[in-house]
Amino acid sequence: MTTIGSNLQAVRERIATACAGAQRPVTEVTLLAVSKTFGPDAVRQAHAAGQHAFGENYIQEAVEKMALLADLPLQWHCIGPVQSNKTRLVAQHFDWMHTVDRLKVAQRLSEQRPEGRPPLNVCIQVNIDGGAAKSGVAPAEALALARQVAALPRLRLRGLMTIPEPAEGYEAQLAVHARAAALLRELRDTGLPLDTLSMGMTADLEAAIAAGSTMVRVGTAIFGGRMRPNAGTPA
Ligand SMILES: *Cc1c(COP(=O)(O)O)cnc(C)c1O
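Let us look at the structure shown here. (Residues numbered from 1 in each chain as written. Predicted model: local features only at pLDDT ≥ 70, side-chain atom pairs only at ≥ 80, totals over all residues. Heavy atoms only, no water.)

**Concerning the site of the ligand**
The condition that has to hold: Note on terminology: near, applied to a residue and a molecule or strand, indicates that one of the residue's heavy atoms is within 4 Å of it. Polar contact is the term for a pair of N or O atoms within 3.5 Å; when the atoms are in protein, one must be able to donate a hydrogen and the other to accept it, and sequence-neighboring residues count only if both atoms are side-chain atoms. Residue burial considers only the protein chains on display, and all accessible areas are found by Shrake-Rupley using a 1.4 Å probe. When residues are sorted by character, Ala, Val, Leu, Ile, Met, Phe, Trp, Tyr, Cys and Pro go into the nonpolar class, Asp, Glu, Lys and Arg into the charged class, and all the rest, Gly among them, into the polar class.
Neighbouring the ligand are 14 residues, the closest being K36, N57, T202, T220 and R226. Separating an oxygen atom of the ligand from a side-chain N or O atom of K36 is a distance of 2.7 Å. One of the side-chain N or O atoms of T202 is found 2.5 Å from an oxygen atom in the ligand. For the ligand, whose accessible area on its own is 390 Å², the fraction buried by protein is 92%. Among the residues forming the shell around the ligand, the class breakdown is 6 nonpolar, 5 polar and 3 charged.

Here you go:
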């Protein structure tokens, strides 16, 4: 097995252990392999080891990679910040968009989603721990934005996404992730049909799953350290 293959296996075991500990079926948690900064060969290796869903932060880099991997049946998730003049590429090429945090971006994505493709799956990014320089809508504004996004014809609102600041230790991680899970429940209780909580990365996927994550986004534990370590912060 390749390194990427055995890394994937180890991550799947972490997810299974976390699900067992939380008494959740392992089928409730999807693994998104975050392939940003890694080339198409790394993605091919992960696919050969059974991985289908990939997350990318940089639109241009992602679109180039997709073209080189068009022979594989992959699902692509945009997890990076997007400027409103880049929405067309997202609408045309991705299956999911996790970082919607304002109506204007959602409207453009809906208008630009090609007719021949299914609606774009979207999550609303929430700034769950109030980081000053962070993207994401404030928790108190999530419901209003969710209602507006849910009404757009070419989008399918799936849930919430968070990127909390790195927290020291399991309990602190769990506390932040639990706030996101509670917010998702509040939105669902208003009748919005949401099924996705995109949270948890290499360092905190156990706490995220314990809190209720349905999609963990894992890069380093699968592909190794990135040459551009800050990849993921707004460029
Ligand atoms: C880079 C990135 C990840 C993966 O982080 P790792 O710590 O390498 O697992 C997950 N989510 C987002 C939004 C990212 O930018």
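**Here we look at helix α6 (residues 142-150)**
Note that an α-helix has 3.6 residues per turn; residues three or four places apart therefore point the same way. Applied cut-off: For every residue, the accessible area (1.4 Å probe, protein chains only) is compared with the maximum for its type, and the residue is labelled buried under 20%, exposed over 50%, or partly exposed between those bounds. A run of H or I in DSSP becomes a helix once it reaches four residues, and a run of E becomes a strand once it reaches two; helices and strands are each numbered from the N terminus. Each direction from the helix axis to a C-beta atom contributes to the arc, which is the arc of those directions. In what follows, residue pairs with any heavy atoms lying within 4.5 Å of each other are defined as contacts.
Of all the positions in α6, only A142, L145, A146 and V149 are classed as buried. The arc that holds the buried residues of α6, viewed along the axis, is 105 degrees, so those residues lie on one side. Taken together, the buried residues of α6 touch β4 (96-100), α5 (103-112), β5 (120-125), β6 (155-161) and α7 (170-189).

**What to know about the side chain of S35**
The residue S35 is located in the loop between β1 (30-34) and α2 (40-48) in this model. For S35, a relative accessible area of 0% corresponds to the buried category. With near-sequence residues (within four places) excluded, S35 lies in contact with V43, F54, G55, E56, E61, K65, W76 and F223.

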